[in-house]
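An overview of the molecular structure
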Amino acid sequence: MAVMNQYAQYQNSKILTASPAELTLMLYEGAIKFCNIAIMAIEKKDVEKAHTNIMKAQRIIEEFRSTLDHKYAVAEDFDRVYVYLLQRLLQANIKKDAEILEEVNTHLRSMRDTWKQVMELAKKR
């Protein structure tokens with residue numbers, strides 16, 4: 001029990017001390033993790049767990065959408081991608097379809113990896 005509490009404190013402090021860029025990376029990682037958990041739940045026929053984790057992934061994507069700065073043209077491109085991912089997550093949830101979740105994860109991993117590259121380039125400046 002004490003170990004779990006220490007882990008929770010560590011995770012909380014990690015979030016509180018993270019930069020906005022690091023928080024974005026954590027959110028991408030979280031969405032990927034929740035999709036993976038949902039995929040495993042679907043394979044085990046655990047409908048409730050699949051639903052819960054798909055909803056968690058959806059909330060992260062919704063957060064990304066809500067924080068887009070539309071004064072930049074690229075925000076519209078990101079918005080279209082996020083809307084598409086939300087539609088696919090909805091379909092995956094209705095159908096409990098692991099293949100759709102794999103597709104969403106492919107996009108999320110690509111976006112996460114691109115974000116990591118942007119972070120690395122920013123460090124060099």
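The preceding data block contains the structure.
For clarity, every value in this text was computed on a predicted model and none was experimentally measured. Every residue gets a number counted from 1 within its own chain, in the order that chain's sequence is written. The predicted nature of this model means local features are confined to residues of pLDDT at least 70 and side-chain atom pairs, given and counted, to a pLDDT of 80 or more, with totals for whole chains, interfaces and linings taken over all residues. Side-chain numbers here rest on the full set of heavy atoms in the structure, without hydrogens or water.

Right, let's talk about the nonpolar core for a bit. Buried Ala, Val, Leu, Ile, Met, Phe, Trp, Tyr and Cys residues form a nonpolar core when they are joined through side-chain atoms within 4.5 Å. Each residue is assigned to one of three classes by its accessible area relative to the maximum for its type, calculated with a 1.4 Å probe on protein chains only: buried under 20%, partly exposed between the two thresholds, exposed over 50%. Of all hydrophobic cores here, the largest spans 28 residues; its most connected members are Ile61, Tyr82, Leu89, Leu101 and Leu108. Helix and strand assignments follow DSSP, with helices taken as H or I runs no shorter than four residues and strands as E runs no shorter than two, numbered in order from the N terminus. When contributions to this core are tallied by element, the ones reaching two or more residues are α2 (20-43), α3 (47-66), α4 (74-95) and α5 (98-124). Ranked by residues supplied to this core, first place goes to α2 with nine residues. It only takes one pair of heavy atoms within 4.5 Å for two residues to be counted as in contact. With sequence-adjacent residues up to four places away left out, tyrosine 82 is seen in contact with Tyr28, Ile61, Phe64, Arg65, Leu68 and Met111.

It is worth spelling out α2 at this point. When the terminal C-alpha atoms of α2 are compared, their 35 Å separation across 24 residues agrees well with the 34 Å that a helix rising 1.5 Å per residue should span. Taken together, the buried positions of α2 are occupied by Thr24, Leu25, Tyr28, Gly30, Ala31, Ile32, Phe34, Cys35, Ala38, Ile39, Ala41 and Ile42. Looking at the packing, one finds that the buried side of α2 touches α3, α4 and α5. Phi for lysine 45, located one or two positions after α2, is positive at around 65 degrees. Each residue after the first adds 1.5 Å to the expected span of a helix.

This part covers the pattern of salt bridges. The term salt bridge refers to a pairing of a side-chain nitrogen on Lys or Arg with a carboxyl oxygen on Asp or Glu at a separation within 4 Å. Evaluated as defined, the whole model comprises six salt bridges. Of the charged contacts, one joins arginine 65 and aspartate 79 as a salt bridge, the two residues approaching to 2.6 Å between their closest N and O atoms. Here the residue arginine 65 occupies a position in helix α3, and aspartate 79 occupies one in helix α4, the gap between them amounting to 14 residues. When its relative accessible area of 32% is taken as the criterion, arginine 65 is described as partly exposed. The salt bridge partner of glutamate 103 is arginine 88, with a shortest N-O separation of 2.7 Å. With glutamate 103 in helix α5 and arginine 88 in helix α4, this pair connects stretches of sequence that are 15 residues apart. Take glutamate 103: its relative accessible area is 21%, and that puts it in the partly exposed class. Ionic contacts of the salt-bridge type, sharing partners, join the residues Glu29, Arg112 and Asp113 into one network.

Let us look at a nonpolar patch on the surface. Surface patches are defined over residues having more than 30% relative accessible area and no salt bridge, joining like charges when they lie within 9 Å and nonpolar side chains (Val, Leu, Ile, Met, Phe, Trp, Tyr) when within 5 Å. Each accessible area is a Shrake-Rupley result for a 1.4 Å probe, and residues are judged covered by the shown protein chains and nothing else. A grouping of Tyr72, Val74 and Phe78 is seen on the molecular surface, where their side chains present a nonpolar patch of about 280 Å² in accessible area. The residue phenylalanine 78 is located in helix α4 in this model. Relative accessible area serves as the criterion here: at 33%, phenylalanine 78 is assigned to the partly exposed category.

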